[in-house]
Amino acid sequence: MIDRAAGPVGGRVLALSGGAWVLADETGAVPTRGLDGADVIAVAAGFVAVGAHGGKAVIWESADGLDWAAAGRRNEPHAVFTAVGAGPRGTLVLGSLLSEEGTPVRAVAAIRTQSRDWLTLPVRGLSDGLAVTAVTGHADGWTAAAVDLHGSVVFHSPDGIAWTQGATVPASAVRELVGDRWTGNALDDTAPVRGTLAGDREVVAVPRDAHAVGGGFWLTRGTLVRER
């Protein structure tokens, strides 16, 4: 049984099952190594996972999705990385410093470009207090989505540092961004939905209680399913 899914990895999903991180699909699961005690929030192409461990924001890397090792972290307490995306300019990680109550206070970022080293980036214009849930790279830079009480707010950046607010996705929590398309769940009834940043939206043909995972996967009642 899958308790929580972080995201797609090489055609499968990095997921938490019975307190252990596994690589799973509709047919079964295999255990991973190196993520004991980790709170993994998101995964990107290239086998990069992000989240927190011991109250600090951490980046993990893997060559195969099974063996993971920490590759970068922030030293501040009460921090978490919540989104990671790849593009022509590298791999970008976004997250937040947190209050004592666990709410986002200030956005944080790290990037890996041609080198294997992760570099901390200053962040401007990405609204404090919002939880970033998705980021994707493209030829013009980066696009990210963050959730507020009314839906998702989309931001754009040429470099991962300076961000400007763009479109909104009303009444939906965006989980995945691919180009100008998004996938997520409705805020009011958690229905599985997808659409475009231009404003189109439709209900996805999966069980009504399914939660978006990414990569065409959805999680419903502890089971992974794919879009039909």
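The preceding data block contains the structure.
Structure report, in brief. (Residues numbered from 1 in each chain as written. Predicted model: local features only at pLDDT ≥ 70, side-chain atom pairs only at ≥ 80, totals over all residues. Heavy atoms only, no water.)

1. Observations concerning the overall build of the protein chain
A tally of regular secondary structure across the protein chain gives zero helices and 23 strands. In terms of overall dimensions, the protein chain has C-alpha extents of about 40 × 40 × 35 Å along its principal axes. Expressed as a percentage of the 228 residues in the protein chain, the buried residues total 47%. If you take every contact in the protein chain between residues at least 6 apart in sequence, the share linking residues at least 24 apart comes to 35%. (Helix = DSSP H or I, 4+ residues; strand = E, 2+ residues; numbered from the N terminus. Buried < 20%, exposed > 50% of the residue type's maximum accessible area, 1.4 Å probe, protein only. Contact = heavy atoms within 4.5 Å.)

2. Some thoughts on the side chain of S62
Along the polypeptide, S62 turns up in strand β7 (residues 56-62). Residue class for S62 comes out buried when judged on its relative accessible area of 9%. Within the structure, the side chain of S62 is placed 3.2 Å from the backbone nitrogen of D64, a separation counted as a polar contact. Within the structure, the side chain of S62 is placed 2.8 Å from the backbone oxygen of D67, a separation counted as a polar contact. (Polar contact = N/O pair within 3.5 Å; in protein donor to acceptor, adjacent residues only side chain to side chain.)

3. Details of the pattern of salt bridges
Inspection of every chain in the model, using the stated rule, returns nine salt bridges. With its nearest N and O atoms 2.7 Å apart, the salt bridge here joins E202 to R194. When its relative accessible area of 23% is taken as the criterion, R194 is described as partly exposed. Between R221 and D209 there is a salt bridge, with the nearest N and O atoms lying 2.8 Å from each other. (Salt bridge = Lys/Arg side-chain N within 4 Å of Asp/Glu carboxyl O.)

4. Considering the environment of A145
Relative to the assigned elements, A145 resides in strand β14 (residues 141-148). Overall, the relative accessible area of 1% leaves A145 in the buried class. For A145 and V132, which are 13 residues apart along the polypeptide, the C-alpha to C-alpha distance reads 5.8 Å. Discounting residues that sit within four places of it in the chain, A145 has contacts with A131, V132, T133, A134, V153, V174 and L177.

5. Things to note about the nonpolar core
L92, L94, L126, V132, V135, F155 and W163 are the most contacted members of the largest nonpolar core, which totals 18 residues. Where this core is concerned, the elements lending two or more residues are β10 (90-98), β11 (104-112), β13 (131-138), β14 and β15 (151-157). For W163, the contacting residues outside a window of four places in its chain are L92, L94, V123, R124, G125, L126, W142, T143, A144, F155, H156 and S157. (Core = buried A, V, L, I, M, F, W, Y, C linked by side-chain atoms within 4.5 Å.)

6. Let's talk about the sheet that holds strand β21 (residues 211-214)
Reading across the sheet, the three strands line up as β21-β22-β23 and stay open at both edges, with antiparallel pairing between neighbours. Sheet topology places β21 and β23 (223-226) at the edges, where each strand pairs with a single neighbour. The average undirected angle you get between the axes of adjacent strands in this sheet is 35°. Across three bridges, β21 lies against strand β22 (residues 217-220) in antiparallel orientation. Looking at β22, one finds that H211 is bridged to L219. (Pairing = 2+ DSSP bridges. Axes fitted to C-alpha atoms, helices over the stretch in contact; angles between N-to-C directions.)

7. Structural notes on the sheet that holds strand β5 (residues 39-44)
Two modes of strand pairing occur in sheets, parallel and antiparallel, and in both the strands are linked by backbone hydrogen bonds. With antiparallel pairing, the four strands of this open sheet are ordered in space as β5-β6-β7-β8. Every other strand in the sheet has two partners, leaving β5 and β8 (68-73) as the edge strands with one partner each. For this sheet, the mean angle separating the axes of adjacent strands, direction not counted, is 30°. The pairing of β7 with β8 spans five bridges and is antiparallel. Paired with W60 across the bridge in β8 is A70.

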